[in-house]
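Descriptive structure summary
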Amino acid sequence: MSNSETIGFIGLGVMGGPMCRNMALKHDGAVLAFDLSDDALKAVEEAGAQRVGSVVALAGEADVIFLSLPGGPQVEAVTGEIAKASGRCALVVDLSTTPVATARKVAADLAGHGIDFADAPVARTREAAQKGALAIMVGASDAVYARIRPMLDYIATDVTHGGDVGAGQVLKLVNNMLVFANTVALAEMMVLGEKAGVAPDVLLDAVSKGSGDSFVLRNHGLKAMLPRAFPDKAFSPEYVLKDISYVFELAEQSGVALPSADAARRYYEVATKTDLSGRYFPGVIELVERGVMARGKGGGA
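Every residue gets a number counted from 1 within its own chain, in the order that chain's sequence is written. The model is predicted, so local features are restricted to residues of pLDDT at least 70 and side-chain atom pairs to those at 80 or more, both for listing and for counting; the totals for chains, interfaces and linings are taken over all residues. Note that water and hydrogens are dropped before the side-chain values are worked out from all heavy atoms of the structure.

**A closer look at the overall build of the chain**
Helix and strand definitions follow DSSP, with helices as H or I runs of at least four residues and strands as E runs of at least two, each counted in order from the N terminus. Per the secondary structure count, the chain includes 14 helices and 9 strands. The C-alpha atoms of the chain give 20 Å as radius of gyration, which agrees with the globular expectation for 301 residues (19 Å, within 12%). Across its three principal axes, the chain shows a C-alpha extent of roughly 60 × 45 × 35 Å. Counting all 301 residues of the chain, 51% fall into the buried class. We call two residues contacting when some pair of their heavy atoms lies within 4.5 Å. Restricting to contacts in the chain with at least 6 residues of sequence separation, those with at least 24 account for 68%. Put simply, the radius of gyration uses C-alpha atoms, and a globule should come to 2.2 Å times the residue count raised to 0.38. Accessibility here uses a 1.4 Å probe with only protein chains present; expressed as a share of the type maximum, an area under 20% marks a residue as buried, one over 50% as exposed, and anything in between as partly exposed.

Printed below as a string of structure tokens:
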């Protein structure tokens, strides 16, 4: 793809906003943006993106459209609008996390309108999105992957081509489930260590130098669980459960049992019934501290 061609970006949330900003700052051509939030649009306009009034208007002007949306239903709805617009758009790249089956269905629907599709869900934190240092897993044909790779480099430092459409979502769901389960395990061990007489900061420092080190420890553990910083409007237990539902949908389709993942899922289900609802998901450490899981209770704080 030529650097002078026009990029469209739909969905300027926690991750989408920073990604659109990076594209606007680094792309030689125009970057058009659409979101329902006026504040989100103002933020990307400061980086050079141009506000567009609707999905249809954006599809009429952009050569390739990137999506960063809450989940499968929103992706289906927006791509449906793009398909019906009969505009300039010839390629849609979905940076959201959706069911694998949704990615393949959307690809088939868009193909009927002469529009190519890639599922390219992103991993890592909001901070990584701001720095343009995300990891991206891509499901696309070789030709589509080659076309979008230069633009993915605007927002990521690590890009993996997993295979045809759907492969990106498979990789992302595996990644996320490991993060969610690892967070629960780390929460239990941090509380255990402290109650057994070791300060949490000492525990994390020591384990980070051993074989128990992990991305979750160095990011969620040190930056959220240690200081007990679980803000609102971050990746909440409700969002975790959305992604986990996609994992179990895929597991059912693939005939694979996931008992360990199911145990982790219960933590996030309980969290949604407490004051941790809507807050940053590593807050599940507070469930361990409160003994909520040991009591087998699903509510109360």
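**Focus on the state of the cysteines**
Covalent bonding between the sulfur atoms of two cysteines is what defines a disulfide. Two cysteine sulfurs form a disulfide in these notes if their separation is within 2.5 Å. On inspection of all chains with the given rule, the structure shows 0 disulfides. Cys20 carries a free sulfur, and the closest cysteine sulfur to it, the one in Cys89, is 15 Å from it.

**With respect to the environment of Asp205**
Within the secondary structure, Asp205 sits in helix H9 (residues 200–208). Along the sequence, Asp205 and Thr160 sit 45 residues apart, while their C-alpha atoms lie 31 Å from each other.

**Brief notes about the pattern of salt bridges**
When the charged atoms of two side chains lie near each other, side chains of opposite charge can form a pair. Each salt bridge in this description consists of a side-chain nitrogen of Lys or Arg and a carboxyl oxygen of Asp or Glu lying within 4 Å of one another. Inspection of the entire model under this criterion finds 19 salt bridges. Arg51 is the partner of Glu45 in a salt bridge, and the nearest nitrogen-oxygen pair spans 3.1 Å. On the basis of relative accessible area, Glu45 is assigned to the partly exposed category, the value being 33%. For Arg51, a relative accessible area of 37% gives the class partly exposed. Between Lys105 and Asp109 there is a salt bridge, with the nearest N and O atoms lying 3.0 Å from each other. Here Lys105 and its partner Asp109 are both found in helix H5 (residues 100–111), 4 residues apart, which amounts to about one turn of the helix. Residue Lys105 is classed as partly exposed on the basis of its relative accessible area of 42%.

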